[in-house]
Amino acid sequence: FDADEDGFGGTDDTVVSCEMPDGYVADNTDCDDTDASIYPVADEVCDGVDNDCDGEVDEDATDMEPWYADADEDGYGDPLSDLFSCDLPDGYVSDASDCDDADDTVNPAADELCDEVDNDCDGEIDGYAIDGGTWYADADGDGYGDEADSSIACDAPTGTTADSGDCDDANGDTYP
């Protein structure tokens, strides 16, 4: 008998007949004939139930989440080391944005430093480093820059100086 009307019957109520009685099916492999979402060819989902009647729970579930290995335990995972599972495995995280999973000081939340490393995983080495120097534009090339025109960088950009004392950066003969 197919109590849940999913096309698969249970083993509790069988009838031998020349013709198929109403409510009965030829297949008696349903492992839970009280739930129409559970039958031998059903999709397995992450719900702690054997949806496809194969004796295993949540294997190859269609709604498994990707998890990423976090070898350096900084809370950010390696995008190249994914594992799909219903539950979070030990040593894995849901965030796949770590650019160096061997160094816990390198991750998207890290401060960028002047050290030739992409500390904050933004694809830019030493860009906007918190320990960079302030450099002032030196338009007239006299070695003194304009205090109103500055930038922060690890190394002096071309046409800049560390001294901001120029009161007229358009005239190379005027400086402190």
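One can find the structure itself at the top, above this paragraph.
Below or above, wherever it landed, is the structure these notes cover. What you see is a predicted model, and the numbers here were worked out from it, not measured in a lab.

Turning next to the overall build of the protein chain. Broken down by element type, the protein chain carries 0 helices and 6 strands. Ordering the α and β elements of the protein chain from the N terminus gives β-β-β-β-β-β. Taking 2.2 N^0.38 as the reference for a compact globule, 176 residues should give roughly 16 Å; the C-alpha atoms of the protein chain span a radius of gyration of 33 Å, well beyond that estimate. Principal-axis analysis of the C-alpha atoms places the extent of the protein chain at approximately 115 × 30 × 20 Å. Residues counted as buried form 30% of the 176 residues belonging to the protein chain. Looking at the protein chain alone, contacts between residues at least 24 apart form 27% of all its contacts between residues at least 6 apart. Approximately 10,700 Å² of the protein chain is accessible, and the part contributed by carbon and sulfur atoms is 46%.

Read across the sheet, 3 strands follow the order β5-β4-β6 without closing on themselves; strand pairing throughout is antiparallel. Looking at the sheet topology across the chains shown, the edges are occupied by β5 (146-153) and β6 (160-161). For strand β4 (residues 133-137) and β6, the ladder comprises 2 bridges, and the chain directions are antiparallel. Across the sheet, the residue bridging to Tyr136 is Thr161, located in β6.

This brings us to the sheet that holds strand β3 (residues 92-93). Here 3 strands make up an open sheet; going across it, the order is β2-β1-β3 and the pairing antiparallel. Only two strands of the sheet have a single neighbouring strand rather than two, namely β2 (82-85) and β3. Pairing analysis gives 4 bridges linking strand β1 (residues 65-69) to β2, with the strands arranged antiparallel. The residue of β2 that forms the bridge with Pro66 is Phe84.

Turning to the packing of aromatic side chains, a few remarks are in order. Applying the stated rule across the entire model yields 3 aromatic pairs. Consider the rings of Tyr144 and Tyr175, whose centres lie 5.5 Å apart with planes at 10 degrees: the pair is stacked. Of this pair, Tyr144 sits in the loop between β4 and β5 while Tyr175 sits in the segment after β6; the two residues are 31 residues apart in sequence, bridging distant segments of the chain.

Further remarks concern the side chain of Asp169. Within the fold, Asp169 resides in the segment after β6. What makes Asp169 buried here is its relative accessible area of 12%. A distance of 2.7 Å separates a polar side-chain atom of Asp169 from the backbone nitrogen of Ala139. Setting aside anything within four residues of it in sequence, one finds Asp169 in contact with Ala137, Asp138, Ala139, Asp140, Asp142, Tyr144 and Asp146.

Right, let's get into the state of the cysteines. Scanning the model with the defined rule gives 4 disulfides in all. Through a disulfide, Cys114 is tied to Cys154; the S-S separation comes to 2.0 Å. Here Cys114 and Cys154 share a disulfide; its torsion about the S-S bond, -90 degrees, makes the bridge left-handed. Taken together, the positions of Cys114 in the loop between β3 and β4 and Cys154 in the loop between β5 and β6 put the pair 40 residues apart, joining distant regions of the chain. Relative accessible area serves as the criterion here: at 30%, Cys114 is assigned to the partly exposed category. What links to what in the protein chain: the bonded cysteines, counted in sequence order, pair as 1-3, 2-4, 5-7, 6-8.

The grouping of Asp115, Glu116, Asp131 and Asp155 at the surface amounts to a negative patch. Inspection of the secondary structure assignment puts Glu116 in the loop between β3 and β4. What makes Glu116 exposed here is its relative accessible area of 61%.

Across 5 bridges, β4 lies against β5 in antiparallel orientation. Looking across to β5, one finds that Thr134 is bridged to Ile152.

Reading the values: rules and limits
Residues numbered from 1 in each chain as written. Predicted model: local features only at pLDDT ≥ 70, side-chain atom pairs only at ≥ 80, totals over all residues. Heavy atoms only, no water. Helix = DSSP H or I, 4+ residues; strand = E, 2+ residues; numbered from the N terminus. Rg over C-alpha atoms; globule rule 2.2 N^0.38 Å. Buried < 20%, exposed > 50% of the residue type's maximum accessible area, 1.4 Å probe, protein only. Contact = heavy atoms within 4.5 Å. Areas by Shrake-Rupley, 256 points an atom, 1.4 Å probe, with all protein chains shown as cover. Pairing = 2+ DSSP bridges. Phe/Tyr/Trp six-rings, centres within 6.5 Å; stacked < 30°, edge-to-face > 60°. Polar contact = N/O pair within 3.5 Å; in protein donor to acceptor, adjacent residues only side chain to side chain. Disulfide = S-S within 2.5 Å. Patch = residues over 30% accessible without salt bridge, like charges linked within 9 Å, V, L, I, M, F, W, Y side chains within 5 Å. Salt bridge = Lys/Arg side-chain N within 4 Å of Asp/Glu carboxyl O. Lys, Arg positive; Asp, Glu negative; His and termini not counted. Charge placed at Lys NZ, Arg CZ, Asp CG, Glu CD.

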